[in-house]
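Fold and contact review
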Amino acid sequence: MPNIIEQVRQELANNVDEKTKESGSRFFKEEVKIYGVKTAIVSKISKQSFKSIEKYSKKEIFDLCEQLWISGIMEESFIACNWSYTLNKQYTEDDFLVFARWVNEYVSNWASCDTLCNHTVGTFLEMYPLYIEKLKEWTQSPNRWDRRASAVSLIIPAKKGLFKKEIFEIADTLLLDADDLVQKGYGWMLKSLGTNYEDDVYEYVLKKRDIMPRTALRYAIEKMPQARKQEAMKREKKKCKQV
């Protein structure tokens, strides 16, 4: 099994692109460890390498994912996310503790957070919706990635119209979060919910406009009709002038 990890790392090292490496860090405020491999190639390496482990047990594959996460290198985390998501039909309730630990202990940038949560955690929640109550607990964490994860785990479910009540509850809890990456996370969550519940999201934004950070507001209304976007931003500007 260790040879598989070494093979993956060698493939990543063989596909380093200097331009990708140079530009990669510009997308992050925090320091990130990267090889500098294009996302499409990382995905290809992930799919090819999974063929050599697909007969392993879920636990064995999750253990391999853990080794990739521990490195702290972004491309390795992407492969870990892809492998764990490939096993989604085998998810059991106990896996929530594994995913929660990965977020809390290993996620160190928004790209790794979103890749894990959009797919692996989001799919888990669709399979075991009662765990939305556990997800809400992440909103209270001192770890910024836990808090962002509480929102971005619901991006895909939100597009399907799921968890509307809980999404607004999570948005309420995160509303005044000072971290811009958390603000972007819950704004994105609201935008996704707007795919099926635009009126509800618009009403929510207008009610919260006096205290809702601009970053979150702009994400939430991004896909709305221009007239609604203008109205929301006009009221925001009016509020700012009064202050």
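What comes next is a walk through the structure. (Residues numbered from 1 in each chain as written. Predicted model: local features only at pLDDT ≥ 70, side-chain atom pairs only at ≥ 80, totals over all residues. Heavy atoms only, no water.)

1. Details of the pattern of salt bridges
Applying the stated rule across the entire model yields 19 salt bridges. Lysine 136 is the salt-bridge partner of glutamate 133, the closest N and O atoms lying 3.1 Å from each other. Highlighted residues: glutamate 133 and lysine 136, both in helix 8 (residues 132-137), separated by three residues, approximately one helical turn. Given a relative accessible area of 45%, glutamate 133 falls into the partly exposed group. A salt bridge links arginine 147 to aspartate 177, with the shortest nitrogen-to-oxygen separation between them at 2.5 Å. Residue arginine 147 is found in helix 9 (residues 144-152), and its partner aspartate 177 is found in the loop between helix 11 (164-174) and helix 12 (180-208); the two are separated by 30 residues along the sequence. Accessibility classification places arginine 147 together with aspartate 177 in one group, the buried group. In the salt-bridge network here, residues are joined through shared partners; they are Glu133, Lys136, Lys165 and Glu169. (Salt bridge = Lys/Arg side-chain N within 4 Å of Asp/Glu carboxyl O. Helix = DSSP H or I, 4+ residues; strand = E, 2+ residues; numbered from the N terminus. Buried < 20%, exposed > 50% of the residue type's maximum accessible area, 1.4 Å probe, protein only.)

2. Some details on the packing of aromatic side chains
One pass over the full model with this rule turns up 14 aromatic pairs. Relative to tyrosine 128, the ring of phenylalanine 124 lies with its centre 5.0 Å away and its plane at 40 degrees, an arrangement referred to as tilted. For tyrosine 128, a relative accessible area of 22% translates into the label partly exposed. Directly above the aromatic system of tryptophan 145 lies the positively charged group of arginine 144, at a separation of 4.8 Å from the ring centroid. Sitting over the ring of tyrosine 197, lysine 164 keeps its end group 4.4 Å from the ring centre. (Phe/Tyr/Trp six-rings, centres within 6.5 Å; stacked < 30°, edge-to-face > 60°. Lys NZ or Arg CZ within 6 Å of the ring centre and 35° of its normal.)

3. Quick look at unusual backbone geometry
In this model, phenylalanine 163 sits at a positive phi of 60 degrees, which is unusual for a non-glycine residue. Following the sequence through the fold, phenylalanine 163 ends up in the loop between helix 10 (155-159) and helix 11. A relative accessible area of 13% means that phenylalanine 163 is categorised as buried.

4. A short note on the environment of glutamate 31
Looking at where glutamate 31 falls in the secondary structure, it is placed in the loop between helix 2 (18-24) and helix 3 (39-50). Judged by its relative accessible area of 78%, glutamate 31 falls in the exposed class. Along the backbone, glutamate 31 and leucine 190 are 159 residues apart, and their C-alpha atoms lie at a distance of 28 Å.

5. Considerations on helix 5 (residues 74-86)
The terminal C-alpha atoms of helix 5 lie 19 Å apart, and with 13 residues this matches the ideal 18 Å at 1.5 Å per residue to within 8%. Among the 13 residues that make up helix 5, ten are buried, leaving the element largely enclosed by the rest of the structure. Met74, Glu75, Glu76, Ser77, Phe78, Ile79, Ala80, Cys81, Trp83 and Ser84 are the residues of helix 5 that are buried. (Expected span 1.5 Å × (residues − 1).)

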